[in-house]
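Residue-level structural notes
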Amino acid sequence: MTSFDYAASPDPIRNDLADAHRRQWQRIANTGTWLTGAQRVAVAEETRWARDCALCRERKRALSPFAVDGEHDHAGVLPAPMVDEIHRVTTDAARLSQKWFESLLEQGLSADAYVEALGVAVCTISIDGFHHAMGLPVEPLPEPNDGEPTRERPDDLVEGEAWVPMRAPKGLSAELGLPAGQAPYVIRALSLVPAEVHAWDDLSAAQYLNKQQMMRFEKVRAIDRSQIELVAGRVSALNECFY
Amino acid sequence: MLRASIEYSGSGGQLGGITEGSKAGDAGIEHGERLTAFADAAVSGDPAALATARDALREAAGSAVVVDAAGVIGNFQRMVRIADGSGIPLDTMVDTMSSDIREDLGLEGFESRRLAEQGALAKLFAPVARGAAMLGLRIAGRRGRR
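First, a word on scope: everything that follows refers to the structure included in this document. (Residues numbered from 1 in each chain as written. Chains lettered and ligands numbered in written order. Predicted model: local features only at pLDDT ≥ 70, side-chain atom pairs only at ≥ 80, totals over all residues. Heavy atoms only, no water.)

Moving on, we get to the pattern of salt bridges. Residue and element names in this part refer to chain A. Inspection of every chain in the model, using the stated rule, returns 24 salt bridges over all chains. Between E148 and R151 there is a salt bridge, with the nearest N and O atoms lying 3.7 Å from each other. A relative accessible area of 47% means that R151 is categorised as partly exposed. Put simply, E229 and R225 hold a salt bridge, and the shortest N to O gap is 2.8 Å. Pair noted here: E229 and R225 are both in helix α11 (residues 225–238), with a separation of four residues, about one helical turn. (Salt bridge = Lys/Arg side-chain N within 4 Å of Asp/Glu carboxyl O. Buried < 20%, exposed > 50% of the residue type's maximum accessible area, 1.4 Å probe, protein only. Helix = DSSP H or I, 4+ residues; strand = E, 2+ residues; numbered from the N terminus.)

Now the structure itself:
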């Protein structure tokens, strides 16, 4: 069976979108840098559990999400700190805190695994979000592939600019074809696990704009740049995202 | 980016659609009201409202617009979580260029407004830098439309 077969959609879906979604699903199934293929697919699955999690609903209603204790409804595959990461990122990301992030590290989650899980989770949320907006059922998750994580850490990491270590702008900007030394924080955010940045880049090019199109303002989609940024800004505001 | 694209296009659009959604009407942007209604319904999780908003947008603007808007919605469901989940600050240039509209739109009250504190020098030169950048975009837009 072909994944992401959009033939049944009442609105014809661009081939480049379907292709990008297939590549992301394949990538999620593959062994990662710090997580196995099975763990990565489990991360994707956990984002779907989070949407129906009773604890997450209760925390979302609470004045402070850290005032409510309990256990998440979860798939039972991943360690508790990673389950908490994925559930909170999925359901209440605007109220995350550095103190909470550090508490996950104290519970044994590495910053590297945190960033890789974040990359896989947001990719799944994004593609599921597209399906939801289009009125399409979510795609079944892929079968994981075997293999051992590479556990390779970049050697140009900078600490202290964000909660997570990030690569310095110079090397990353060269790798991504950005102006020399100019990699914005939102691109560097996942760079502790470089494969997740490249995945971000690939999916953004199909769902939003590629980096070159971002720097220009010509119309390249059925909606022009003002319309694109209106939708982007509105979604960010509804998520109470300051950025 | 919305303000920059408005300056580039010379459309006279407004930023109210970001915080007020469809209540702001089209806000000077073609199909603006239907686009924000679609975004609102997609984020709200109400399937009936979403179907209504999607149908309305399709009827007014066509299927390709629905697909492209859904792509942007999916993309920014991801971007906000990357930013919030990694604890990144605002880039200095973005901070400088957007300080006035953040105030106007009430974004300073968001919980995720925590790491990005502008330096005194950036605050001092922000209006000049903004003015120069917007002028540049208007000129580039006029050239692009010729």
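Bringing helix α6 (residues 111–134) of chain A into the picture now. Residue and element names in this part refer to chain A. Taking 1.5 Å of rise per residue, the 24 residues of α6 would be expected to cover 34 Å, and the 34 Å separating its terminal C-alpha atoms lies within 8% of that figure. In terms of burial, α6 is a largely internal element, 23 of the 24 residues being buried. Two residues or fewer past α6, G135 is found with a positive phi of approximately 75°. (Expected span 1.5 Å × (residues − 1).)

In this section: the nonpolar core. Note that soluble globular proteins tend to have their nonpolar side chains buried in a common cluster. If you look at the biggest cluster of nonpolar residues, it comprises 87 residues, and the most contacted ones within it are V43, M82 and Y114 of chain A together with F38 of chain B. Tallying contributions element by element places α6 of chain A first for this core, with 14 residues. With residues near it in sequence (within four places) discarded, M82 of chain A still touches L35, V43, L109, A113 and A117 of chain A. By size, the runner-up hydrophobic cluster in this structure holds five residues, among which are C53, C56, A62 and V68 of chain A. (Core = buried A, V, L, I, M, F, W, Y, C linked by side-chain atoms within 4.5 Å. Contact = heavy atoms within 4.5 Å.)

In this complex, chain B contributes 68 residues to the contact, which on the side of chain A involves 65 residues. Both faces considered, chain B and chain A share a buried interface measuring about 6100 Å² in area, 68% of it formed by carbon and sulfur atoms. At the boundary of chain B and chain A, one finds three salt bridges. Measuring nitrogen to oxygen at the nearest pair gives 2.6 Å for the salt bridge that ties D40 of chain B to R234 of chain A. There are 19 residue pairs in polar contact (both at pLDDT 80 or more) connecting chain B and chain A. Elements that contribute at least two residues to the side of chain B that touches chain A include exactly α1 (2–9), α2 (16–20), α3 (32–44), α4 (47–61) and α5 (63–86) of chain B. Residue contributions to the side of chain B that touches chain A peak at 24 residues, all from α5 of chain B. (Buried area = accessible area lost by both parts, 1.4 Å probe. Polar contact = N/O pair within 3.5 Å; in protein donor to acceptor, adjacent residues only side chain to side chain.)

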